[in-house]
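Notes for the structure review
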Amino acid sequence: MNHIIEVRNLKKYFDINSRMGMVQHQVKAVDGVSFSVAEGETLGLVGESGCGKSTTGRLILRLIKPTSGEIFLEGRDINSIKDKELRSIRKDIQIVFQNPYSALDPRMTVTDILSEPLSIHKIVHKYEYGKEVKRLLGLVGLSEQDGKKFPHEFSGGQRQRIGIARAMATRPKFIICDEPVSALDVSVQSQILNLLGDLQKEMKVSYLFIAHGLNVIRHVSDKVGVMYLGKIVEMGIVDEVFEKPIHPYTKALLSSAPVPDPFRSMHLEVLEGEIPSPVNPPSGCAFHPRCRHMLAICKEKRPFLQHISLNHKVACHLADIAFEGGRASYA
Amino acid sequence: MRKLNYPLILGVLIVLILTAACINPEAFTTADPYGEERAKFVFIEGKINYFAPPVNPCPEYPWGTDQYGRDMKSLIFYGCRLTLFTAIFIAIGRLLVSLPLAIYAAYGSKAANRLIRQFGVFTGAFPIVILTMLFVKIQLTSDFFKEPNTIIGALLVLFGWSKMAGLLKEKVEGILNEDFIEGEIAIGKNRLEIALQNIVPHLIPSIVVMFFLEVAAALLVLSQIGVFGIVMNGGLMNADGEYQLPYEIDWASLLVASQWFVATGRLWLVLYPAAAFAISIIGFNLMGEGLRMEFEKRNSRVISWIRGIPSFLSLLRLAYELKHMSEYRSSVTKKLLFYGILLLLLFFPQLPSAYRFETTNAFKTMEELSKPEYRGRRAGSSQNEIISDYLAEKLAASGIQPFEGSFVHNYPLENAFNVKEAQLTVSSIISGQTRLEHRKDYYVTTPVNISGKYKLKKFTLEDLGEFPFQENEFDDCRGKFLLVDVRGLNGIVRSRFLGLINSTVKPAGVLYIDAWESQKLAKKGNIDSPAKSQAALINIAVSSNMGDTLLRMNDMDIELTIMSETYPEPENHCVVGYLPGSDETLKDEIIIIGSTFDCVGDDRTERFPASMEAGGPAMALETAGILGRSGVKPKRTVIFAFWDGTNTRDRGSKAFLEQYFKDNENKNIFYIELKNFGSKDSSKIILDTTRTLPKALKAQEYIKVLKKNARRNELELVYGKVSSPVMHDMLEEDINAVIIDTYDIDETIKTPKDNMGNIEQKKLKKPGQTVLDALVEILYGGAV
Amino acid sequence: MGILDVNDLKTSFTAGRHEIKAVDGVSFSLEHHETLAIVGESGSGKSVTVLSVMRLINPPGRIKSGDIYFQGKNLLAFTEKQMEMVRGGRIAMVYQEPMSSLNPAIPVGEQIKEVLVIHKAAAGLAAKEKAIALMQAVKIPEARLRYQDLPKKFSGGMRQRIVIAMALACNPDVLIADEPTTALDVTIQAEIMALLRDMKRQLNMSMLLITHDLGIVAENADRVLVMYCGKVMEEAKVKTLFRSPLHPYTMGLMACIPKMDARVDRLQAIPGYVPHPSQYPAGCRFSSRCSRVMERCKAEMPELMEIEDGHKVRCWLYCDDVSERSGGRDGK
């Protein structure tokens, strides 16, 4: 199994303080997430606000410390490593942030920004920084002169390119793309998505692509995971999940995404109620208050991801019952 | 229409003026700040007026003088440097303490947070003035810091950093909350790197602004504690009421007695220092505010430029670039240009002096004067003539003209004697015999020849009885020796007392116990000169330790043998030569270069050779030689005077001035005294300018010339007060004078260590060259 | 004549020496009971257009020229007092970020009631009842109980509903929705748009919908205006626009959006970036990025021409046809 990244049962609970030192509430931001990403593959994580996808990304990079669970980078357990060794994993795992306007230090020139990772991880010799920065700029479609400018002299799309260049500087194996195009104009989004795709082919890097735009996810991902309240409710090859969604939430999600086609008839599967707060998640299956097909068991027992086909897993009691028969062969 | 940043412009203007005053205060004011105006009587419209400092503002002193008579304007401008430097030191100190703590605290360190908070509460509750006052007095701080300047600076840093730390901590927290910090963590930086590379550059605008505001705040505190008397220039007074340490000038010390001054209506004494503080504080505040406004709008190319400095200066990088010259041509050119200009500025060749001061000659003179042949010659002894003849010969050889016809000028000494033999023993039945050692435990202060055994009786002021004092009241003292303790009596009472004993009580002799230790006495040359009041009797001065021993004894007998010889018709032999001035208008302006030689080679082995003192005459001789041999006529008149007898009451300088410059009608004389030079242990030269009136413009110009040439010759000058007996005479005649001496030789001067072995020839070069250059400039340089 | 007619509106902002022409000659008509969508990216001027309609432009911005007719009356001639009556009463606006319209310290019910009271639509207890009714209409559960709650107790979608309730309180004739769902999750977004459609039908309003999302346009609009750099580039009925877009910009926009139902290897992209207002090219503002640019495009700005019924486009590619038909302009 040449998985670049493997995550098992990752959890992150935030403690909300608390009167007199006793923890009153916990936010279960990520509640038992497992997946793996192979070399050169893109795993998409999609979900709405509060589902925990951004937190998951940051957990892998150890920007946040996991409460429990395991993370493997090329077979090596990186969850239990000391802080000093974190530096080495930050060479192999990088991140592109959502907001191009605030992700870069406004008082550093582009050359400084791109030289930093080179110097920290000693990618090239000190005196070769200039050349390497030039190469990185070219890689993302910027010119050498742009190196002398400051971030605020660029447009949003260009800034995102700089952010991507910075991520690529350490020649990582795995990049977490945290909503990299959500803040960009439509006409620029496609440029950046193309750039990311080209870089993936050229550098053979794997992506964890986090987004809430379903069409973007469809385009970039090989596999997709749908998250709801900190758990993955459906996971599989993107074509299969999008064309044959099983989980009621996935179905609702897909149907509510606006399609730029006025000729298509709208079939909106509207969900009842609001997205619950992750401080007080519902018991059993977190989705049950909004689910049309709720069963009694859904209130009590939490469903786990089960295969319904080779490349398709769902966490739903209804699906369990429906597909019980054919499961044995995939377990 | 661009909006001008008025605060910044005004602030920069004020700070620039202050900086100019720090670098070159001489340009702003004529007078030397140490010159003191003296108290004297003046006739105004036929009536006598007592004219004493502080002088209020008048044409001669535009801003008045302080209570010591020093010109206020000069004080302010010269004081700028120390005051501002201390304030800047405090601001930087606070910054260095606050910044790391603020960063730690912002990162979440509980200890740092607690420290900042507690310190803030503590120092906020106690007025900083009182805290400083308490701590300054504690012995611990002065042991630790040694220098008074640093004590106050360190205390103010310690008690004032917490506000800055709090502000910085908030700023750092603000920066840490920004999104890009997450990006920096993501590329693998640890906290220290983020602090240095990302946080500090963002803080630089705040730090710069805070720095200037903090300087203003420090100045404010300094002014406040100055009023309370906590000042930096901790000069100490010695028993004679003279400053032992050199003192530096700052504004806060001018405010020390401000309450008193205001109450007595002498407002100018407070007004000018207060105004100086106020203007500086305003200036720095404006600059801080102006910079804040500036930083808020501008693009920070400055920060990126600052980042580039380390790699610009890196020599390794330069070497690499030179190897790959073709690619890095422009960068290499820029760097080489930068280094070239830097080297040029640092090692800018100075113009050489017109005349060279030869240390070899001066050293030879010192050696000569310290020779054993000259031992035992004292003022009044015939051997004194040897040195004066030697000096006269040298002067003549170098083309200096004899003053008023001859080089050697002899003046009578009232009384000169030498104790050839002395034995003294005090015994009592209970304590046995105590032998006193001559010149260690006692000195003979009257020329006597005596041998015998007498009773020794203690005598006190009470025993004197009441006025009028009748001779017959003291019959029981006749024929006995009296033991008198005069320690603790002030000068007038003491001399009256001793005088009365001599004239009315008339014992056989007096042993008076005075407050001197044997070693220290060696430096004071005065014990051997008899007081007029003691002329008739045998007077013996006993040291303090020995005196205590004697006082404990009872029923004492004293047995003594003293043989002394008095010199017949003692004279002192001063040597004076001169070069007359050639310029019609300037020839009446006289510069006198004086030195004393009567301690050199003095007495027998008990009195020490005083080789350092030989430095003065040696230097004067060499200077005279160079000027004389050059053959060029000076524009002003210069007199080289070598004084004798200065350790007696009949100083050569006094007699000389009485003879030739009585009443000093033309009042155009400037006196430079050269004292000790060449000591191995010290390389600082002290320039005492306190005896030059600040309003004497010509004299002040000469002082500036001296200072300028000292700088040119890289001679380190300190300022302070030096005592010299010749000064009495100069002041008497109202002649403006300066003294040039070596600093910090108290431990060695006139002790066994003061011999040629302690003299280093090289050390003569800088002071000698300075004096020579200054003289050349004054004498030949034309209008000064 | 529509309920809202805008003629050659020009609004600029002055920053130092630069004049930024945010809206540079925009004309359109909002017909009764229709939903007109204005589509554009950042810098297109769509928000400034509607803010100008509401006369909410403050210095350094200024409406330089043009006419805005609402129900036949010239809004630009209204006094401020008159505009206050129009705003919220006859023309209501819903913004992208609900918290910018809500006072965090006042209960939501009171804020709705306030709208009613100001526009004299109701008073006192009756106003409160009406407010509760409005909350129920926008499907806030347990409206009566939640009347007293502060805005922070509601989720984003709920807050937007409250803002909509405030907007609809006085039964306005025109509802302007400026990116009403951009800040919301996709499922909530669908609900809010459904709500808006519903309310519009119930209250017989006309809606001006500002968005950058072509999906929302497709699902909600009757007619579409495509803006770019302060000018209208294309105007058409929604189905016409999607079926046969004329302007290269419109075509580029549609082509570069990833599709939900099919995957392509590489997306089509519009090269280059939206120019800064101080750096608009002479001639057509899209010329620097257009795949079908001609010499003429770089030199001259084309006019907005009606090509077929209701379908207008501003592009030199179509000018010859027009000039032949109307005999107006010179040919190439």
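Residues numbered from 1 in each chain as written. Chains lettered and ligands numbered in written order. Predicted model: local features only at pLDDT ≥ 70, side-chain atom pairs only at ≥ 80, totals over all residues. Heavy atoms only, no water.

1. Describing the overall build of chain C
If you tally the helices and strands in chain C, you get 12 helices and 12 strands. Rg of the C-alpha trace for chain C: 21 Å, near the compact-globule value of 20 Å for 332 residues, within the 12% margin. Along the three orthogonal principal directions, the C-alpha set of chain C runs to about 70 × 50 × 40 Å. Of all 332 residues assigned to chain C, the portion counted as buried reaches 53%. Total accessible area on chain C is roughly 14,400 Å²; 51% of this is exposed by carbon and sulfur atoms. For chain C, the distance from the average position of its 43 positive side-chain charges to the average position of its 39 negative side-chain charges is 4 Å. (Helix = DSSP H or I, 4+ residues; strand = E, 2+ residues; numbered from the N terminus. Rg over C-alpha atoms; globule rule 2.2 N^0.38 Å. Buried < 20%, exposed > 50% of the residue type's maximum accessible area, 1.4 Å probe, protein only. Areas by Shrake-Rupley, 256 points an atom, 1.4 Å probe, with all protein chains shown as cover. Lys, Arg positive; Asp, Glu negative; His and termini not counted. Charge placed at Lys NZ, Arg CZ, Asp CG, Glu CD.)

2. A word on the overall build of chain A
Per the secondary structure count, chain A includes 11 helices and 12 strands. A globule of 331 residues ought to have a C-alpha radius of gyration of about 20 Å, and chain A, at 21 Å, matches this closely. In terms of its C-alpha atoms, chain A occupies a principal-axis envelope of roughly 65 × 55 × 45 Å. Residues classed as buried in chain A amount to 57% of the 331 residues present. Of the accessible surface of chain A, which amounts to about 13,700 Å², a share of 52% is contributed by carbon and sulfur atoms. Charged side chains in chain A number 43 positive and 37 negative. The centres of these two groups are separated by 4 Å.

3. Considerations on the sheet that holds strand β2 (residues 25-38) of chain A
Residues and elements named next belong to chain A. Within the open sheet, the four strands sit side by side as β2-β1-β4-β5. Their pairing is antiparallel. Taken across any chain shown, the strands that pair with only one partner, and hence form the sheet edges, are β2 and β5 (76-77). By the bridge criterion, two bridges tie strand β4 (residues 68-73) to β5 in an arrangement that is antiparallel. Each bridged residue has a counterpart across the sheet, and for Phe72 the counterpart in β5 is Asp77. Most of the contacts of helix α1 (residues 53-60) go to β2, to which it runs at about 65°, and overall it touches β1 (3-16), β2 and β4. (Pairing = 2+ DSSP bridges. Contact = heavy atoms within 4.5 Å. Axes fitted to C-alpha atoms, helices over the stretch in contact; angles between N-to-C directions.)

4. Looking at unusual backbone geometry
In this model, Pro59 of chain C is joined to Pro60 of chain C through a cis peptide bond whose omega is 10°. Looking at where Pro60 of chain C falls in the secondary structure, it is placed in the loop between α1 (46-53) and β4 (61-70). For Asn9 of chain A, which is not glycine, the phi torsion reads 50° and is therefore positive. Along the polypeptide, Asn9 of chain A turns up in strand β1. A positive phi angle, close to 60°, is found at Asn171 of chain C, a residue other than glycine. Look at Asn171 of chain C and you get partly exposed, because its relative accessible area is 39%.

5. Some remarks on the pairing of strand β13 (residues 571-579) of chain B
Residues in a regular strand point their side chains to alternate faces of the sheet. All names here are of chain B. Most of β13 is tucked away: seven of the nine residues are buried. Of the strand pairs in this sheet, strand β3 (residues 401-402) and β13 are connected by two bridges, and their pairing is antiparallel. Considered in β13, the bridge of Gln401 is made with Tyr578. Relative to strand β15 (residues 637-643), β13 runs antiparallel, the two being bridged by five bridges. Bridge assignment links Leu579 to a residue of β15, and that residue is Val638.

6. Concerning a negative patch on the surface
Residue and element names in this part refer to chain B. There is a patch of like negative charges on the surface, built from Glu385, Asp389, Glu393 and Glu571. The biggest single contributor to the negative patch is helix α15 (residues 384-397), with three residues. As for its placement among the helices and strands, Asp389 is situated in helix α15. (Patch = residues over 30% accessible without salt bridge, like charges linked within 9 Å, V, L, I, M, F, W, Y side chains within 5 Å. Salt bridge = Lys/Arg side-chain N within 4 Å of Asp/Glu carboxyl O.)

7. Digging into α1 of chain A
Counting buried positions along α1 of chain A gives seven out of eight residues, so the element sits mostly inside the fold. Where α1 of chain A ends, the next residue or the one after it, Arg62 of chain A, has phi of about 60°, a positive value.

8. Re the interface of chain A and chain C
Between chain A and chain C, the residue contacts involve 46 residues of the former and 44 residues of the latter. Together, the buried faces of chain A and chain C total about 3,800 Å²; carbon and sulfur atoms form 58% of this surface. Among the ionic pairs, Arg266 of chain C bridges to Asp198 of chain A, the shortest N-O distance being 2.6 Å. Viewed at the interface, chain C and chain A are joined by 14 residue pairs in polar contact (both at pLDDT 80 or more). Going through the elements one at a time, α5 (156-169), α6 (186-203), α7 (214-220), α8 (238-243) and α9 (248-256) of chain A are the ones with two or more residues in the side of chain A that touches chain C. Residues belonging to the side of chain A that touches chain C are distributed by class as follows: 22 nonpolar, 13 polar and 11 charged. (Buried area = accessible area lost by both parts, 1.4 Å probe. Polar contact = N/O pair within 3.5 Å; in protein donor to acceptor, adjacent residues only side chain to side chain. Nonpolar A, V, L, I, M, F, W, Y, C, P; charged D, E, K, R; others polar.)

9. Some thoughts on the interface of chain B and chain A
Between chain B and chain A, the contact holds 28 residues from the first and 30 residues from the second. Of all residues in chain B, Glu182, Ala186 and Ile187 of chain B bury the most surface against chain A, accounting for 23% of the area lost on that side. Taken together, the connections running from chain B to chain A amount to four salt bridges. Where Glu193 of chain B meets Arg87 of chain A, a salt bridge forms, and the shortest distance between an N and an O atom there is 2.9 Å. Taken together, the elements giving at least two residues each to the side of chain B that touches chain A come down to α7 (179-186), α8 (191-227), α11 (301-313) and α12 (315-323) of chain B. When residues of the side of chain B that touches chain A are assigned to their parent elements, the largest contribution, seven residues, is made by α7 of chain B. Here the side of chain B that touches chain A is built from residues that sort into 10 nonpolar, nine polar and nine charged.

10. Structural notes on the confidence of the model for chain C
Residue and element names in this part refer to chain C. When pLDDT is averaged along chain C, the result is 87; 96% of the residues meet or exceed 70. In this model, residues 322-332 is a region of pLDDT below 50 whose contacts with residues beyond four sequence positions or in other chains number 17 contacts. Across the predicted assembly, pTM comes out at 0.70 and ipTM at 0.81. (pLDDT = per-residue confidence, 0-100.)

11. Side note on the packing of aromatic side chains
We describe a pair of aromatic rings using the distance from one ring centre to the other and the angle between the two ring planes. Residue and element names in this part refer to chain B. Taken as a whole and judged by the stated rule, the model has 24 aromatic pairs over all chains. Their ring planes at 10° and their centres at 4.9 Å tell us that Phe28 and Phe77 sit as a pair that is stacked. Residue Phe28 is located in the loop between α1 (6-23) and β1 (40-44), and its partner Phe77 is located in helix α2 (residues 72-107); the two are separated by 49 residues in the primary sequence. Judged by its relative accessible area of 16%, Phe77 is buried. (Phe/Tyr/Trp six-rings, centres within 6.5 Å; stacked < 30°, edge-to-face > 60°.)

12. Considerations on the nonpolar core
Core analysis: the biggest nonpolar cluster contains 113 residues, and Phe284, Ile591, Ile593, Leu627, Phe642, Leu674 and Ile740 of chain B have the highest contact counts within it. Aside from chain neighbours lying at most four places away, what touches Phe284 of chain B is Val15, Leu18, Leu84, Phe212, Val215, Ala216 and Leu219 of chain B. Counting 63 residues, the second-largest nonpolar core is a separate cluster that includes Val110, Leu118, Ile164 and Leu184 of chain A. (Core = buried A, V, L, I, M, F, W, Y, C linked by side-chain atoms within 4.5 Å.)

13. Side note on the packing of α9 of chain A against helix α7 (residues 186-203) of chain C
Working note: a packed helix pair is described by the angle between its axes plus the distance between those axes. Where α9 of chain A meets α7 of chain C, the closest approach of the two axes is 8 Å, and the angle between their N-to-C directions is 55°. One finds that α9 of chain A runs oblique with respect to α7 of chain C. The two elements α9 of chain A and α7 of chain C cross, and the hand of that crossing is left-handed. Touching Ala252, Leu253 and Ser256 of chain A of α9 of chain A are Val186, Thr187 and Ala190 of chain C, all from α7 of chain C. Tallied by class, residues from the contact of α9 of chain A with α7 of chain C come to four nonpolar, two polar and no charged. (Parallel < 35°, antiparallel > 145°, perpendicular 65-115°, else oblique. Left-handed = near helix turned anticlockwise from the far one by under 90°.)

14. What to know about the packing of α1 of chain B against α2 of chain B
All names here are of chain B. Running from N to C, α1 and α2 point in directions that differ by 100°, and their axes come no closer than 7 Å. Of the possible angle classes, the one that applies to α1 and α2 is roughly perpendicular. Each of Leu18, Ala21, Cys22 and Ile23 in α1 lies in contact with α2, whose residues at this interface are Phe77, Cys80, Arg81 and Leu84. Tallied by class, residues from the contact of α1 with α2 come to seven nonpolar, no polar and one charged.

15. Digging into α1 of chain B
Residue pairs spaced three or four apart in an α-helix point in one direction, given the helix's 3.6 residues per turn. Residues and elements named next belong to chain B. A rise of 1.5 Å per residue sets the reference length of α1, with its 18 residues, at 26 Å; its end C-alpha atoms lie 26 Å apart and thus fit the reference within 8%. Of the residues making up α1, those classed as buried are Leu8, Gly11, Ile14, Val15, Leu18, Ala21 and Cys22. Taken around the axis of α1, the buried residues stretch over an arc of 155°, which confines them to a single face. Structural note: α1 exposes Tyr6, Leu16 and Ile23 on the side pointing more than 90 degrees away from its buried face. (Expected span 1.5 Å × (residues − 1). Arc of directions from axis to C-beta.)

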